[in-house]
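So the chains spell out like this:
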Amino acid sequence: MAKAKTMFFCQNCGAQSSKWLGRCPSCGEWNTYVEEVIQREDHNHLHRSSFVKDTPRKPHAITDIAIDREQRADLHNAELNRVLGGGLVPGSLILIGGEPGIGKSTLMLQVALTCTDKKILYITGEESEQQTRMRADRVGINNDQCFILTETSVQMIMEHLDAMNPDIVIIDSIQTLYTDTIDSSAGSISQIRECAAEFQRYSKLSQTPVFLIGHITKDGTLAGPKILEHMVDTVLNFEGDRNYGYRILRSVKNRFGSTSELGIYEMTDKGLREVSNPSEILISQRDEAVSGIAIAATVEGLRPMLIETQALVSSAAYGTPQRSSTGFDNRRLNMLLAVLEKRCGFRLGVKDIFLNIAGGLKVDDPAIDLAVVASILSSNEDIPISTKTCFAGEVGLSGEIRAISRVEQRILEAEKLGFERIYISQYNQKGIDSKKFDIEILPLKKMYDLFTSLFR
Ligand code: TYD
Ligand code: MG
């Protein structure tokens, strides 16, 4: 028998080498090379399915190529349609990544069940038919056009696809599949790459959209990450804090739309609910103002959202003061505290400071700085901020309030939700026509101006 042919693959970035390496020359990670058997059979065997047969191609002038516009399919899920850039493009290959248990299977099964106008094949290598049926009952929708297949061999799946010719294919998950053409075990880098490549060929040649579900490892990368990211047309990340109900579907790469779109869901006992107006749930309902709370007018992706920041400042009883934040970068919190100390003279160095973004969301928008500072000051002074006030501004190292993007959008959203005044950077004021808004717009130049305006 011929000796099995093996290669070494970096489990982080997918780079390959004929010998073992301690440090990957392509991504710089240590100790990530693993030996995998790649013994390929001859290539004629590879494409058994009729879809996957290569037809001879010839070059066309770019101006002669016809585009079929508005062919996007409606998935009957407004948030997912939005993230995909306005619906599902025929022949697209979409990767949905997320940590285990975040709700990827639930989301895709719900999509499969609500699209009653399409024939959908949901292939699962993770759960049994009964389990999937139970989940469907829990979600409470029935669709006789949704078919479940429990199969992990790509060759068998291709035969089913040939026979059935579905409108949409969902694979749960790519890490459980294996192809006969490669000898290494399911879930290894070379298997994932080859399986994804076969579905890429299938989706392009049959013009059937394929969703691939992929698990993300603890540090936030897809297992076998980069190899999949460049092969697919769209990468969506499903994220959220498991202790809270909210889930965010973020587009990381999209060949057919913008990557700044984002969809919001809430996990309920009957599956995922679309959240079309996030601000209303992200601001806790309260009748009277409490100290330590400030509302930030943020923009996540392209969507304006009002988010509550909560701070607690108390005297440090023992030793080193604690600084802890959830949903906000701890280093950024330390930076804001240093600016408060140095530029405004607040002695926060001897205080414990806790910061929390309500709803378990992680916010990247720098415009949240101003609300964070306002909530810290409010807690420190023990003076509440009016529930009708919100903030949007970035804080610079010299204590200046810096201009932010999409300021009009934020003001509009704040006005729509019944806020009466919004603090913004003075440098943003030029660009906006304040006569257009009923809400009071208060410009700030320095961080100290915020303090005097709020508490003096
Ligand atoms: P799941 O879709 O299995 O996650 P993934 O495929 O990303 O691993 O979701 C699992 C979690 O969702 C599980 O902890 C239970 C919860 N869940 C609900 O809260 N309500 C529901 O209706 C369903 C179906 C799941
Ligand atoms: Mg799952």
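These figures come from a predicted structure and were not determined experimentally.

Helix and strand counts for the protein chain come out as twelve helices and 21 strands. When the backbone C-alpha atoms are referred to their principal axes, the protein chain occupies close to 85 × 50 × 50 Å. Partitioning the contacts of the protein chain with sequence separation of at least 6, the portion at a separation of at least 24 is 68%. Carbon and sulfur atoms provide 49% of the accessible area of the protein chain, an area that totals close to 21900 Å².

Our focus in this paragraph is the nonpolar core. Counting 46 residues, the largest nonpolar core has Leu340, Ile376, Phe391 and Leu450 as its most contacted members. Shared between two domains, this core holds at least three residues of each, these being domain 2 (74-274) and domain 3 (281-455). Excluding anything up to four places from it in sequence, leucine 340 contacts Gly345, Phe346, Leu348, Val373, Ile376, Leu377 and Met447. Of all hydrophobic cores here, the second largest spans 29 residues; its members include Leu80, Met108, Leu109 and Ala112.

Here we take up the pairing of strand β6 (residues 146-149). Bridge analysis of strand β5 (residues 120-124) against β6 gives four bridges, and the strand direction is parallel. The partner of isoleucine 123 across the bridge, within β6, is leucine 149. Considered for its hand, the β-α-β crossover made up of β5, helix α3 (residues 129-139) and β6 is right-handed.

Along its 15 residues, helix α8 (residues 330-344) runs 20 Å from first to last C-alpha, staying within 8% of the 21 Å computed at 1.5 Å per residue. All buried positions along α8 are accounted for by Leu333, Met335, Leu336, Leu337, Val339, Leu340 and Cys344. Considering only its buried residues, α8 is in contact with β15 (323-326), β16 (351-357), α9 (369-381), β18 (394-395) and α12 (447-455). A positive backbone phi angle near 75° is found at glycine 345, which sits one or two residues after α8.

Here is what the cut-offs are and how they apply
- Per chain, the residues get numbers from 1 upward, laid out in the order the sequence is written.
- A letter from A marks each chain and a number from 1 marks each ligand, given out in the order of writing.
- Predicted model: local features are reported for residues with pLDDT of at least 70 only, side-chain atom pairs are reported and counted for 80 or more only, and whole-chain, interface and lining totals are derived from all residues.
- Think of the side-chain values as coming from all heavy atoms in the structure, minus any hydrogens and water.
- Only runs of H or I of at least four residues qualify as helices and only runs of E of at least two qualify as strands under DSSP, and these elements are numbered from the N terminus.
- We call two residues in contact whenever any of their non-hydrogen atoms come within 4.5 Å of each other.
- In short, Shrake-Rupley with a 1.4 Å probe defines the accessible areas, and a residue's cover is counted only from the protein chains shown.
- The definition of a nonpolar core used throughout is a set of buried Ala, Val, Leu, Ile, Met, Phe, Trp, Tyr and Cys residues joined through side-chain atoms within 4.5 Å.
- Only protein chains enter the accessibility calculation, which uses a 1.4 Å probe. A residue is then buried if its area is under 20% of the maximum for its type, exposed if over 50%, and partly exposed in between.
- Domains are outlined according to an automatic or database domain assignment.
- Here, strands pair whenever DSSP counts at least two bridges between them.
- Looking down the strands as they point away from you, a crossover is right-handed if its path from the first strand over the helix to the second goes clockwise.
- Working rule for helices: expected span equals 1.5 Å times residues minus one.

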